[in-house]
Amino acid sequence: MIRSILLAVAITAASSASATTVGSKHAIVIDESTGHVVFEKNATDIVPIASLTKLMTAMVVLDTKPDMHERITVAEEDVDTLKFSSSRVPVGAVLSRHELLELALMSSDNRAAHALARSYPGGLEHFKLAVRNKAHMLNLRRTNIEEPTGLSPYNTSTASDLARLALAASKYPEIERITTVSNDLIDVNGSMRHYHNTNKLVGDKNWAISLSKTGYTQEAGRCIIMRVRAAGRDAIMVLLNARGSSSRTADANYLHRLLTKEHHQPVMAKLNLK
């Protein structure tokens, strides 16, 4: 009995020490095959999620099985008037739905994401309804998404909910492919423009990433979702509200090392991803 109590104390102390090592305010790492939580820190707190929203936008758009070659004109209403964020996609540009999806996911362009939602069958209101239905279907009980870009601070979720969202997004081959491309050339109004993935770890030889999305707003801090393969297993990694890009990367590298250790910390919980 005493031995069991001492072991529990040791496990709790180890977990606390690990939590302080990660600077992101909210985090979770889950072994996908078992649902076991390898690491967690404030994983049930409801917080802004910034451009991680775009994974939901992509899923809802792809669920309609749209014509990915259809040409869509970026309109004035796609311009961000909430935070006045910049974009390399000019108003009037005509792009295929596939190119808009690539710009929204890979380089996190807000105009591209809004144009995708605006051109959803039935328009923005039908898009928002589809998002609510999708969140309900995925059992995202603490998730609220009000618009397609993530610019709104009212787009909120938890690290635990986002792990479920990431697992669902990984079932879409197009999302996996786009989010794991390090860069691409896209024709914008007859000019070839070079776009880069906002996640610098994509393409890093030390990482095997099969899904990726970053996010940033002042309210949300630096955020990231990844599905990675390490030590022969797939894992979902979510980091929310890191102070900067470098600290977010440092946290991700620390958790990656934790996954690849020969002896892992004792599992403290289990998350039902189904």
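Refer to the structure above for everything that follows.
Residues numbered from 1 in each chain as written. Predicted model: local features only at pLDDT ≥ 70, side-chain atom pairs only at ≥ 80, totals over all residues. Heavy atoms only, no water.

1. Some remarks on the overall build of the chain
Link 1 in the chain: Helix and strand content of the chain: eight helices and 12 strands.
Link 2 in the chain: The buried share of the chain, taken over its 274 residues, is 53%.
Link 3 in the chain: Counted over contacts in the chain with a minimum sequence separation of 6, partners at least 24 positions apart contribute 64%.
Link 4 in the chain: Carbon and sulfur atoms make up 53% of the accessible area of the chain, which amounts to about 13000 Å² in all. (Helix = DSSP H or I, 4+ residues; strand = E, 2+ residues; numbered from the N terminus. Buried < 20%, exposed > 50% of the residue type's maximum accessible area, 1.4 Å probe, protein only. Contact = heavy atoms within 4.5 Å. Areas by Shrake-Rupley, 256 points an atom, 1.4 Å probe, with all protein chains shown as cover.)

2. Here's the deal with helix α4 (residues 110-118)
Link 1 in the chain: Extensive coverage of α4 is indicated by the burial of eight of its nine residues.
Link 2 in the chain: Along α4, the positions that sit buried rather than exposed are Asn110, Arg111, Ala112, Ala113, His114, Ala115, Leu116 and Ala117.
Link 3 in the chain: Buried residues along α4 sit against α2 (53-63), α3 (97-106) and α5 (124-137).
Link 4 in the chain: A side-chain oxygen of the first residue of α4 lies 3.0 Å from the backbone nitrogen of Arg111; this N-cap is Asp109. (Polar contact = N/O pair within 3.5 Å; in protein donor to acceptor, adjacent residues only side chain to side chain.)

3. Examining the packing of aromatic side chains
Link 1 in the chain: Per the counting criterion, the structure on display carries one aromatic pair.
Link 2 in the chain: Relative to Phe127, the ring of Tyr120 has its centre 5.9 Å away and its plane inclined at 75°; by these criteria the two rings are edge-to-face. Here the two residues Tyr120 and Phe127 agree in accessibility, since each one is buried.
Link 3 in the chain: We note Arg88 situated over the ring of Tyr195; from NZ or CZ to the ring centre the distance is 4.4 Å.
Link 4 in the chain: If you follow Arg222 out to its NZ or CZ, it ends over the ring of Tyr216, 3.9 Å from the centre. (Phe/Tyr/Trp six-rings, centres within 6.5 Å; stacked < 30°, edge-to-face > 60°. Lys NZ or Arg CZ within 6 Å of the ring centre and 35° of its normal.)

4. Concerning the environment of Phe39
Link 1 in the chain: Here Phe39 lies in strand β2 (residues 36-41).
Link 2 in the chain: Among the residues examined, Phe39 registers a relative accessible area of 4% and is labelled buried.
Link 3 in the chain: It is 8.7 Å that separates the C-alpha atoms of Phe39 and Leu258, two residues lying 219 residues apart in sequence.

5. Description of the nonpolar core
Link 1 in the chain: Formed by 60 residues in total, the largest nonpolar core has its most connected members in Met56, Met59, Ile175 and Val238.
Link 2 in the chain: Look past the residues within four positions of Val238 in its chain and what remains in contact with it is His26, Ala27, Ile28, Ala159, Leu162, Ala163, Ile224 and Ile225.
Link 3 in the chain: Among the nonpolar cores identified, the runner-up in size contains 21 residues, and Phe39, Leu201, Ile224 and Leu255 belong to it. (Core = buried A, V, L, I, M, F, W, Y, C linked by side-chain atoms within 4.5 Å.)

6. As for the pairing of strand β7 (residues 183-188)
Link 1 in the chain: In this structure, β7 lies alongside strand β8 (residues 191-196), joined through six bridges in antiparallel fashion. Along β8, the bridge assignment pairs Asp184 with Tyr195.
Link 2 in the chain: Where β7 hands over to β8, the hairpin turn is made up of two residues, of which Asn189 adopts a positive phi near 55°. (Pairing = 2+ DSSP bridges.)

7. Some thoughts on α5
One full turn of an α-helix is made of 3.6 residues, so residues set three or four places apart face in the same direction.
Link 1 in the chain: Between its first and last C-alpha atoms α5 spans 20 Å; for 14 residues at 1.5 Å apiece the expected length is 20 Å, and the two agree.
Link 2 in the chain: Residues of α5 that are buried include every one of Phe127, Ala130, Val131, Lys134 and Ala135, and no others. In an axial view of α5, the angular spread of the buried residues amounts to 135°, which keeps them on one side of the axis. Those residues of α5 that are exposed and angled more than 90 degrees off the buried face are Glu125 and His136.
Link 3 in the chain: Remark: Asn139 follows α5 within two positions and exhibits a positive phi of approximately 65°. (Expected span 1.5 Å × (residues − 1). Arc of directions from axis to C-beta.)

8. Quick look at the pattern of salt bridges
Link 1 in the chain: Enumeration according to the criterion identifies 12 salt bridges in this entry.
Link 2 in the chain: Arg71 is paired through a salt bridge with Glu99; the nearest N and O atoms lie 3.6 Å apart. Here Glu99 lies in helix α3 and Arg71 lies in strand β4 (residues 71-73), a separation of 28 residues in the sequence.
Link 3 in the chain: Note that Asp78 is salt-bridged to Arg118, the shortest N-O span being 2.8 Å. Pair noted here: Asp78 is in the loop between β4 and β5 (94-96) and Arg118 is in helix α4, with a separation of 40 residues, a long-range link.
Link 4 in the chain: Among the charged side chains, a salt-bridge network with shared partners connects Glu32, Glu176, Arg227, Arg229 and Asp234. (Salt bridge = Lys/Arg side-chain N within 4 Å of Asp/Glu carboxyl O.)

9. Remarks on the layout of surface pockets
Leftover empty space is mapped by rolling, across the atoms, a probe with the size of a water molecule.
Link 1 in the chain: Estimated volume of the largest pocket: approximately 560 Å³.
Link 2 in the chain: Elements with a contribution of two residues or more to the lining of the largest pocket: β8, β9 (209-217), β10 (221-230) and α8 (245-260).
Link 3 in the chain: For the lining of the largest pocket, the class distribution of residues is six nonpolar, 17 polar and six charged. (1 Å grid on protein atoms, 1.4 Å probe; cavity = no way out; pocket = protein on both sides within 12 Å on 5 of 7 lines; lining within 4 Å. Points joined across faces, edges and corners; volume = space filled by probe spheres on them. Nonpolar A, V, L, I, M, F, W, Y, C, P; charged D, E, K, R; others polar.)

10. Thoughts on unusual backbone geometry
Link 1 in the chain: With a phi close to 50°, Ala50 is a non-glycine residue in the positive phi region.
Link 2 in the chain: One can find Ala50 in the loop between β3 (47-48) and α2.
Link 3 in the chain: Take Ala50: its relative accessible area is 1%, and that puts it in the buried class.

Geometric values such as these leave the question of function open.
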